[in-house]
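# Architecture at a glance
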Amino acid sequence: MPNLTTPAILLRTHPFSDSSRVLRFYARDLGLVGVMARGVHRGASRGQGGVGTFAEGVAVISFRENRDLQTLREFAPARAHLALGADVRRLAGASVAAELVLRHAGQEPHPQLFDSLSKGLERIEQAAPGEVIGEALALGWRIVQVLGFGPELTTCTACGSVLEEEEMARFDLEAGGIRGPGCPAAEGSRRVGPVARAQLGTLLRGKVPDGLRGARAHVSLLDDFTTFHMLGGRRLESFRFLEPDADAGAEVSARN
Ligand SMILES: [Zn+2]
């Protein structure tokens, strides 16, 4: 059986037996991959295989086509990302991204997804306290976009006309994008002004816009959008912990 060596990020681990665990990695050269890791005990010291969630490093995997679980030969974490687990908002941001990848990434390589995840986790970990929510939004929306679920922000999802830059739009959740001022949107649809649209566009590229406004409304939109389009209606618990410090100048209106 060939051994494959690939950069990988640990997204989830659960016990399989007393002496083995199942680890789910997102691997740059394999996509989503589940491995059996033997001799990994709960509470094992680091370096003995007791690695934490979100650790990134190089995995050596004994790989055979068409089996559910591969065998982990070795995982050498280069970045433990321990700080992600030590702060509830950082953990929540990382968890949202991990969940979307676990649900929607395939078992084939998608280097852009790997790189977005890797870079985003690093940025959430290193962000100043006031920037954590912005980084969590940037990673969450980036993952949505790279997985192919990105919302439509430039043309009306009802009539197909291109919005003028200054026009006020509504965000139609079911349609997965904006409705222009002349087209009806579902009751309770958020208003999304020009600034909010531009900022959302920046977040979809994985960047935090200068002077992010209405962070709470942006979190709520990401929550509703992923719940509807990617999570089969089941809301992720983690969103409850993505609480901005203060919120000013919301241009995405709160749900009403
Ligand atoms: Zn329209």
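What counts and how
- Residues numbered from 1 in each chain as written.
- Predicted model: local features only at pLDDT ≥ 70, side-chain atom pairs only at ≥ 80, totals over all residues.
- Heavy atoms only, no water.
- Domains from an automatic or database assignment.
- Contact = heavy atoms within 4.5 Å.
- Buried area = accessible area lost by both parts, 1.4 Å probe.
- Salt bridge = Lys/Arg side-chain N within 4 Å of Asp/Glu carboxyl O.
- Donors = N, O, S within 2.8 Å, 3.2 Å for Na, K, Ca; no water.
- Buried < 20%, exposed > 50% of the residue type's maximum accessible area, 1.4 Å probe, protein only.
- Pairing = 2+ DSSP bridges.
- Helix = DSSP H or I, 4+ residues; strand = E, 2+ residues; numbered from the N terminus.
- Axes fitted to C-alpha atoms, helices over the stretch in contact; angles between N-to-C directions.

With domains assigned, the protein chain is organised as domain 1 (3-80) and domain 2 (85-156 + 159-241). The C-alpha-based centres of domain 1 and domain 2 are spaced at 29 Å. Across the contact, 16 residues belong to domain 1 and 21 residues belong to domain 2. It is Tyr26, Arg28 and Phe54 that lose the most area in domain 1 upon contact with domain 2, and together they represent 42% of the buried surface on that side. The tally of links from domain 1 across to domain 2 stands at three salt bridges.

Quick look at the coordination of the zinc ion now. Protein coordination at the zinc ion comes from Cys156 (SG), Cys159 (SG) and Cys183 (SG), with a distance range of 2.2 to 2.3 Å. Counting along the primary sequence, the residues that act as donors to the zinc ion give the motif C-x2-C-x23-C. Look at cysteine 156 and you get buried, because its relative accessible area is 3%.

Pairing is antiparallel in the open sheet, where three strands are placed in the order 7-6-8. Each of the sheet's edge strands pairs with one partner strand only, and the pair in question is strand 7 (177-179) and strand 8 (190-192). With strand direction ignored, the average angle separating the axes of adjacent strands in the sheet is 45°. Direction of pairing for strand 6 (residues 169-172) relative to strand 7: antiparallel, over a ladder of three bridges. Counted as the bridge partner of aspartate 172 is glycine 177 from strand 7.

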